[in-house]
Amino acid sequence: MSALQLLSPLAGRSMPLADSPDPVFSAGLIGKGIAIDPSVGELRAPCDGTVAATHASGHAVTVRSDGGAEVLIHLGVDTVNLGGAGFTVHVVEGQRVSAGDRLVSFDIAAIKPNVTSMVSMMVVANGEAFSVVSTATGRDVAFGEPVMTVEPVDNRSAEAAGDGEVVELSLPLSIAHGLHARPAAVLANAAKAHGGAVTVTCRGNTANAKSVVALMGLGTRFGDLLEIRIEGPGADATADNLLDLVLSGLGDPIADGPAPDEETTLPVSNLADSARRPGAEREPDFEPGANAVIRGRSAVVGLAAGSVTRRNRDVVDLPRNGAGATSERQRLAAALAAVKARLAVEANGPHGAIAAAHRELLDDPGLIEAAEADIAAGRSAEWAWNAACVGQAELLASLSDARMAERAADMCDIAAQVLAALAGRSGISGLSALPAGSIVLADEILPSEMAGLAVGHIAALLMRNGGPTSHAAIIAAGLGIPTVVALGADADRVPDGATVVVDAGLGQITVFPSDQALDLANRRIGEWADSRAIQRANAHADCHLADGTRIEIFANLGEVGEGALAVSEGAEGCGLLRTEFLFQKRSSAPSEDEQLAQYQAIADELGSRPLIIRTLDVGGDKPLAYLPLPKEDNPFLGLRGVRVSLVQPDLLRTQVRAILRVKPYGVARIMVPMVASVAEMIAVRAIVDEERQALGRAEPIEVGAMIEIPAAAVAAAQLAEVCDFFSVGTNDLTQYALAMDRGNPTVAPGIDALHPGVLGLIRLAAEGATKRGRLLAVCGGAASDPVSAPILVGLGVRELSVAPAAIPEIKATLSALTLSRCEAVAAAALRATGADEVRAMAAMNSPGQPD
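Residues numbered from 1 in each chain as written. Predicted model: local features only at pLDDT ≥ 70, side-chain atom pairs only at ≥ 80, totals over all residues. Heavy atoms only, no water.

Caption draft 1: Examining the overall build of the chain more closely. For the chain, the helix and strand inventory stands at 27 helices and 34 strands. Out of the 851 residues in the chain, the part that is buried amounts to 53%. When contacts within the chain are restricted to residue pairs at least 6 apart in sequence, long-range pairs at least 24 apart make up 70% of them. When the accessible surface of the chain is split by element, carbon and sulfur atoms take 52% of a total near 33100 Å². (Helix = DSSP H or I, 4+ residues; strand = E, 2+ residues; numbered from the N terminus. Buried < 20%, exposed > 50% of the residue type's maximum accessible area, 1.4 Å probe, protein only. Contact = heavy atoms within 4.5 Å. Areas by Shrake-Rupley, 256 points an atom, 1.4 Å probe, with all protein chains shown as cover.)

Caption draft 2: Focus on the pairing of strand β19 (residues 292–295). Only one face of β19 is covered, namely the one carrying A292 and I294; the face carrying V293 and R295 has none of its residues buried. Inspection of the sheet shows β19 paired to strand β26 (residues 508–511) by 4 bridges, in the antiparallel sense. Opposite V293, over in β26, you have T510 as the bridge partner. (Pairing = 2+ DSSP bridges.)

Caption draft 3: Local environment of the sheet that holds strand β5 (residues 49–54). Within the open sheet, the 8 strands sit side by side as β9-β5-β6-β7-β11-β3-β2-β13. Their pairing is antiparallel. In this open sheet, the two edge strands, each paired with only one partner strand, are β9 (96–97) and β13 (140–141). Direction of pairing for strand β2 (residues 12–16) relative to strand β3 (residues 32–38): antiparallel, over a ladder of 5 bridges. What sits directly across from G12, in β3, is P38.

Caption draft 4: Representation of the nonpolar core within the structure. F726, I791, L800 and L814 are the most contacted members of the largest nonpolar core, which has 95 residues in total. Ignoring any residue separated from it by four or fewer positions in sequence, one finds F726 in contact with A705, I707, A716, L719, A720, A769, L775, L776 and A777. M15, V77, V119 and C202 belong to the second largest nonpolar core, which has 40 residues in total. (Core = buried A, V, L, I, M, F, W, Y, C linked by side-chain atoms within 4.5 Å.)

Caption draft 5: Looking closely at helix α19 (residues 678–694). Between its first and last C-alpha, α19 extends 24 Å over 17 residues, near the 24 Å set by a 1.5 Å rise per residue. Buried within α19 are the following residues: E680, M681, V684, I687, V688, E691 and R692. Taken around the axis of α19, the buried residues stretch over an arc of 135°, which confines them to a single face. Opposite its buried face, α19 presents the exposed residues A679, Q693 and A694, each directed more than 90 degrees away. The inward-facing, buried residues of α19 abut α17 (642–647), α18 (649–660), β30 (668–672), β31 (703–707) and α21 (716–719). (Expected span 1.5 Å × (residues − 1). Arc of directions from axis to C-beta.)

Caption draft 6: Quick peek at the packing of aromatic side chains. Counted under the stated rule, the structure contains 1 aromatic pair. Its guanidinium or amino end placed over the ring of F143, R44 lies 3.8 Å from that ring's centre, counting from NZ or CZ. (Phe/Tyr/Trp six-rings, centres within 6.5 Å; stacked < 30°, edge-to-face > 60°. Lys NZ or Arg CZ within 6 Å of the ring centre and 35° of its normal.)

Caption draft 7: Examining the pattern of salt bridges more closely. One pass over the structure, following the stated rule, counts 32 salt bridges. Between R532 and E569 there is a salt bridge, with the nearest N and O atoms lying 4.0 Å from each other. Here R532, found in helix α13 (residues 515–538), pairs with E569, found in helix α14 (residues 562–569); they are 37 residues apart in sequence, far enough to count as distant. For D542, the salt bridge goes to R550, with nearest N and O atoms at 3.7 Å. In this structure R550 comes out as partly exposed when scored by relative accessible area, which is 30%. Each of E592, D593, R653, R657, R661, E690 and E691 takes part in a single network of salt bridges with overlapping partners. (Salt bridge = Lys/Arg side-chain N within 4 Å of Asp/Glu carboxyl O.)

Caption draft 8: Molecular detail of the side chain of Q600. Locating Q600 in the fold gives a position in helix α16 (residues 592–606). With residues near it in sequence (within four places) discarded, Q600 still touches R661, V662 and K663.

Caption draft 9: Structural detail: the confidence of the model for the chain. Of all residues in the chain, 86% have pLDDT values of 70 or greater, and the mean over the chain is 83. Predicted confidence for residues 156–162 stays below pLDDT 50, and this span has 11 contacts to residues more than four positions away or in other chains. (pLDDT = per-residue confidence, 0-100.)

Caption draft 10: Structural context of the environment of V24. Along the polypeptide, V24 turns up in helix α1 (residues 23–26). Judged by relative accessible area, which is 9%, V24 ranks as buried. The sequence separation of V24 and G251 amounts to 227 residues, and the corresponding C-alpha distance is 9.4 Å.

Caption draft 11: Inspection of the sheet that holds strand β18 (residues 225–231) at higher detail. Sheet architecture is open: 4 strands sit in the order β15-β18-β16-β17, paired in antiparallel fashion. Of all strands in the sheet, those bounded by a partner on one side alone are β15 (166–172) and β17 (205–208). Going from strand to strand, the sheet's axes swing by 20° on average, the running direction of each strand aside. Relative to β18, β15 is paired through 7 bridges, and the arrangement is antiparallel. Pairing of S170 across the sheet is with E227, part of β18. The sheet contacts of helix α5 (residues 235–247) involve β15, β16 (198–202) and β18, and relative to β15 the element is tilted by about 5°. (Axes fitted to C-alpha atoms, helices over the stretch in contact; angles between N-to-C directions.)

Caption draft 12: How the structure looks around the packing of α18 against α19. The contact between α18 and α19 brings their axes to 9 Å, and the two run at 55°. One way to sum up the angle between α18 and α19 is to call them oblique. Crossing of α18 over α19 shows right-handed handedness. Contact residues: α18 offers P649, L652, R653, V656, R657 and L660, while α19 offers V684, I687, V688, E690, E691 and R692. When its residues are assigned to classes, the contact of α18 with α19 shows 7 nonpolar, no polar and 5 charged. (Parallel < 35°, antiparallel > 145°, perpendicular 65-115°, else oblique. Left-handed = near helix turned anticlockwise from the far one by under 90°. Nonpolar A, V, L, I, M, F, W, Y, C, P; charged D, E, K, R; others polar.)

Caption draft 13: Spatial organisation of unusual backbone geometry. The omega torsion across K663 and P664 is -10°, close enough to zero to call that bond cis. You can see P664 is positioned in the loop between α18 and β30. Notably, F512 is not glycine yet its phi reads approximately 50°, a positive angle. Position of F512 relative to the elements: it lies in the loop between β26 and α13. Positive phi, close to 70°, is recorded for S608, a residue that is not glycine.

Caption draft 14: The arrangement of the pairing of strand β21 (residues 303–310) in detail. Across 5 bridges, β21 lies against strand β25 (residues 499–503) in antiparallel orientation. What sits directly across from A304, in β25, is V502. Relative to strand β22 (residues 438–442), β21 runs parallel, the two sharing 3 bridges. Bridge pairing links R310 to L441 in β22.

Caption draft 15: Representation of the environment of E592 within the structure. Within the fold, E592 resides in helix α16. According to the relative accessible area criterion, E592 is buried, its value standing at 17%. Spatially, the C-alpha atoms of E592 and Q655 are 6.4 Å apart, while their sequence positions differ by 63 residues. Here E592 is in contact with T654, R657, A658 and R661, once residues within four sequence places are set aside. At 2.8 Å, the side chain of E592 and the side chain of R661 are in polar contact. (Polar contact = N/O pair within 3.5 Å; in protein donor to acceptor, adjacent residues only side chain to side chain.)

Caption draft 16: Representation of the packing of helix α22 (residues 730–738) against helix α23 (residues 756–771). Contact geometry of α22 with α23 gives a least axis separation of 10 Å together with a crossing angle of 120°. Judged by the inter-axis angle, α22 sits oblique to α23. For the pair α22 and α23, the sense of crossing is right-handed. Note on element contacts: α23 touches α22 through V758, L761 and I762, opposite T730, L733, T734, A737 and L738. The class makeup of the residues in the contact of α22 with α23 is 6 nonpolar, 2 polar and no charged.

This is the structure in structure tokens:
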């Protein structure tokens, strides 16, 4: 082979590799080459060849030239820690590329603040076969400009064959990101010091341990078992050295947690019932006559009584070994296509956003790459897809933000759907196949299990795990199914067929109730059903208290389609449109026109009723793939809500422009999340005014703040000077005021918005709003609670934004009370010693009790 000219894969300033900020590259441990500080966020192929490896995080690509040179381009330093955020890979392993083809797009502005450096390196990784004879450094280079010349090495010496000396090691890999460039280089250089052959086998794939690219191509993950084989003289000494290196992390920090063997991976199909495995140690089942009470978290208010049906997920056979890589890839591709086709149809249904999100997950390159790696190693399509989804589900479940952790159920869901397709079934057997009136108990219900479920078919849903913002809970709310989540280990003690009474409003289940308790529950359920029918019939009238005081009842919405449902339940507008559904599960932010189309569709569903749109509420605990944010020790106290918007003003400006264009003018209002100071609102209003003028819109738009931080409630009078309205987010306000993480199952049961301290903060917000004639609303979970609603009104709240299914009951509850009575209950609640006392007091003063 003649000399190979490598073209610049980046545009920017070139420099000697020794000047790289990464000591592994600057020392030449991975190979010889150059460094480039990029000025354009695009990586292109440096030569004709084949993509030999792409890292799962998107920050590194290896191209194997036609002559066999392995050219590794590593974007930035410590970029692996971003987990792919800010990178978009445009190629797959094995793909043929020509010099200049686009390999990766990356957002320099977003990535640079969160990494050590954006200086990138291009090296020849198989230096034993190719040498770098010249480089062009110390100047600006453009895409496609020659920057490096490589020649093959005349190396005819063979590695010493094993003279009978062979050592084998089995070591767990305990570093968070597997064998990415840095640890792979440490391992490869140690292996190169040995004269004989050194190989590493992981999950059935074997690589030459002296090749950085080969090691990276194994696709290793935390907890993988590395089987290392050393042959030839000196094998013992090399083995001791490799043992120390691997166990010490190969230059990366040791990650926390166990390092399980892949064989112990629990199949997705069994995740839902793992707690009741025969070998699991738990308390004995409840027995008839127990009259035992267990408690979880209320997700959807309601009453039910009947027999429990324990939900056992379909068992799917997961053969470890496949029938050949080509066959298994075809089977997986066919199954994915079948599930995508079905989800495309469901995307036009009442829960289309969830179906669309699931369909996008099926195209996730991380899942596809992980499954492809296992298939290439000889595994079956079932095994490979299951392993890929379990890994991602475990990652999501570990996140600190409860809402993001609940998305682990979505990963389990798409795993189960594809496994069903591989087994020749059209989908997962759903709850609609269960007998009418069933009370379903499971570790967690998947959204796809609720497909086609009719209103009233299921009496109640009970979940050991899960949370009130899971997709299944959202669907249950739309169907009005009483739902309790986070029951914990006590749920394991409820046998199949047990009689239970469910009071979902209290998050309480009575197992094997006494005859008296069951009779009382059935009477309450009958009365509740009768009153519910009457409430729905009267829900379309505007809400007034018994003395004529006007209280607006709006709906909380999260996607297109929910507006029509809310109006059918009696909503007078939308008090909170969560816009995160537009920004999540995608590789780039939605455009102005995309956002406008969604906002306008919801406004049209509401029929000119008010539409309050909350600006994007994400943060370090809820990251977006295209919005890399620094890892924070306590993301709940870091970059969240408006802080992110002000750090990323272009995102905010695009969203504001879309909201300003919603017709008719005056319908849409802007609400800003997580506001703590007057300065933040002044900054947001300045952006709104600038964009309004740029669009030529003369009509003003109302801009309000969410009261979620205790300081905002205390300073409401000052904030009212720069806000047109307020809305209290009781979920966050409560957890911040009580210093309790609602995602922590240990303390979550103690979180109650009726805590007198939280009510005192709402009262302060109301007083501050009143001084400037501003309206105070509540859009958090407390607004949907018929026990809380009168107290909130008594504190000065004049608008409640609630779950659509709760609208009829909230309107009926308030219409039976006078303002003076609400104020009296609120005053007593402020003097109470705790939330339990407040709830008992409120029950004594509910409609029907004498004044």
